[in-house]
Amino acid sequence: MHAFDVLGDPVRRRILELLAEGEQTSGAVTMVIRGEFGITQPAVSQHLKVLRDNGFATVRPDGARRLYAVDHTALRQVDEWLEPFRRFWAPHLAAMATEVARGKRLRRLAEGAGPNDARSAR
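Sequence order as written defines the numbering, with residues in each chain counted from 1. Where local features are concerned, this predicted model is filtered to residues with pLDDT of at least 70; where side-chain atom pairs are given and counted, the filter is 80 or more; whole-chain, interface and lining totals use all residues. Each side-chain value is worked out from all heavy atoms of the structure, with water and hydrogens disregarded.

Per an unreviewed UniProt entry, the protein goes by Metalloregulator ArsR/SmtB family transcription factor and derives from Actinoplanes sandaracinus.

As structure tokens, then:
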């Protein structure tokens, strides 16, 4: 299965978001996904299996529990595929970062310039 076929499913994308927060038990993942998507525990297990089988998630036993985590293997392949397209958004993101930094600097200066501040007298 192609990486984008795996990621094309909103349930699997949401599971990856949960796993990106840190290792999760299958029960914890199932509880969130059932609440958000209304699907059964076996359906969630099937999505976890697809993620495991395609290199997006790992699983390890911990007593009676199964702990899932993000596996970066398939994500690296997605990242490599996206490389030629970064030129479309990278300059915009860099410009936005510059503007955010400028705004933070101006706020700091404005907060530091009170009525008795030597800088405000200039």
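### Considering the packing of aromatic side chains
Classification of ring pairs uses Phe, Tyr and Trp, with its six-membered ring standing for Trp, and accepts pairs whose centres are within 6.5 Å; under 30 degrees between planes counts as stacked, over 60 as edge-to-face, and the remaining range as tilted. Applying the stated criterion across every chain yields a total of two aromatic pairs. For the pair Phe4 and Trp81, a centre-to-centre distance of 4.9 Å together with 65 degrees between the ring planes defines the contact as edge-to-face. Of this pair, Phe4 sits in helix 1 (residues 3-7) while Trp81 is found in helix 5 (residues 72-82), placing the two residues 77 residues apart along the sequence. Exposure remark for Trp81: the relative accessible area of 45% places this residue in the partly exposed category. Three or more aromatic residues joined by ring pairs form one cluster here, namely Phe4, Trp81 and Phe85. Strands here mean DSSP runs of E at least two residues long; helices mean DSSP runs of H or I at least four residues long; both are numbered from the N terminus. Exposure is judged per residue with a 1.4 Å probe applied to protein chains only, and the accessible area is read against the type maximum: over 50% gives exposed, under 20% gives buried, and values in between give partly exposed.

### Some details on the packing of helix 2 (residues 10-20) against helix 4 (residues 41-53)
Interaxial angle, 0 to 180 degrees, is taken between N-to-C directions of lines fitted to C-alpha atoms, where a helix line uses only the stretch in contact. Contact geometry for helix 2 and helix 4: axes closest at 10 Å, N-to-C directions at 75 degrees. As far as their axial angle goes, helix 4 and helix 2 are roughly perpendicular. Residue-level inspection shows Val11, Arg12, Ile15 and Leu16 of helix 2 in contact with helix 4, the latter providing His47, Leu48, Val50 and Leu51. For classification purposes, angles smaller than 35 degrees are called roughly parallel, those larger than 145 roughly antiparallel, those between 65 and 115 roughly perpendicular, and all remaining angles oblique. Here a residue-residue contact requires only that any non-hydrogen atoms of the pair lie within 4.5 Å.

### Looking at the UniProt feature "domain: HTH arsR-type" (unreviewed entry) in the protein
Feature annotation in UniProt assigns "domain: HTH arsR-type" (unreviewed entry) to the following positions: residues 1-108. For residues 1-108, the end-to-end C-alpha separation is 50 Å, with 66% helix and 13% strand making up the annotated structure. UniProt positions are given in the numbering used here, feature names are shortened, and annotations may be inferred rather than shown by experiment.

### Looking at the pattern of salt bridges
The term salt bridge refers to a side-chain nitrogen of Lys or Arg lying within 4 Å of a carboxyl oxygen of Asp or Glu. Following the criterion strictly, the structure yields eight salt bridges and no others. Between Asp79 and Arg86 there is a salt bridge; the shortest N-O distance is 2.0 Å. Asp79 sits in the partly exposed class, given a relative accessible area of 39%. One network of salt bridges, with partners in common, ties together Arg14, Glu17 and Glu36.

### A look at the nonpolar core
To define a nonpolar core, start from buried Ala, Val, Leu, Ile, Met, Phe, Trp, Tyr and Cys residues and group those joined through side-chain atoms within 4.5 Å. By size, the foremost hydrophobic cluster in this structure holds 19 residues, and its most contacted members are Ile15, Leu19, Val29, Ile33, Leu48, Leu51 and Phe56. Of all the secondary structure elements, the ones that give two or more residues to this core are helix 1, helix 2, helix 3 (26-37), helix 4 and helix 5. At five residues, helix 2 tops the list of elements feeding residues into this core. Not counting chain neighbours up to four residues away, the residues in contact with Leu51 comprise Val6, Arg12, Ile15, Leu16, Phe56 and Ala57.

### Section: the packing of helix 3 against helix 4
Packing of helix 3 against helix 4 leaves a shortest axis separation of 10 Å and a crossing angle of 115 degrees. By the angle between their axes, helix 3 is roughly perpendicular relative to helix 4. Regarding helix 3 and helix 4, the two cross each other, and that crossing is right-handed. Judged by residue contacts, Ser26, Val29, Thr30, Ile33 and Arg34 of helix 3 engage Gln41, Val44 and Leu48 from helix 4. Two helices crossing with the near one rotated counterclockwise from the far one by less than a right angle form a left-handed crossing, whereas a clockwise rotation gives a right-handed crossing.

### Observations concerning the sheet that holds strand 1 (residues 24-25)
Two modes of strand pairing occur in sheets, parallel and antiparallel, and in both the strands are linked by backbone hydrogen bonds. In this scheme, strands are said to pair when DSSP sees at least two bridges between them. The three strands are arranged 1-3-2 in an open sheet whose pairing can be described as antiparallel. In this open sheet, the two edge strands, each paired with only one partner strand, are strand 1 and strand 2 (57-62).

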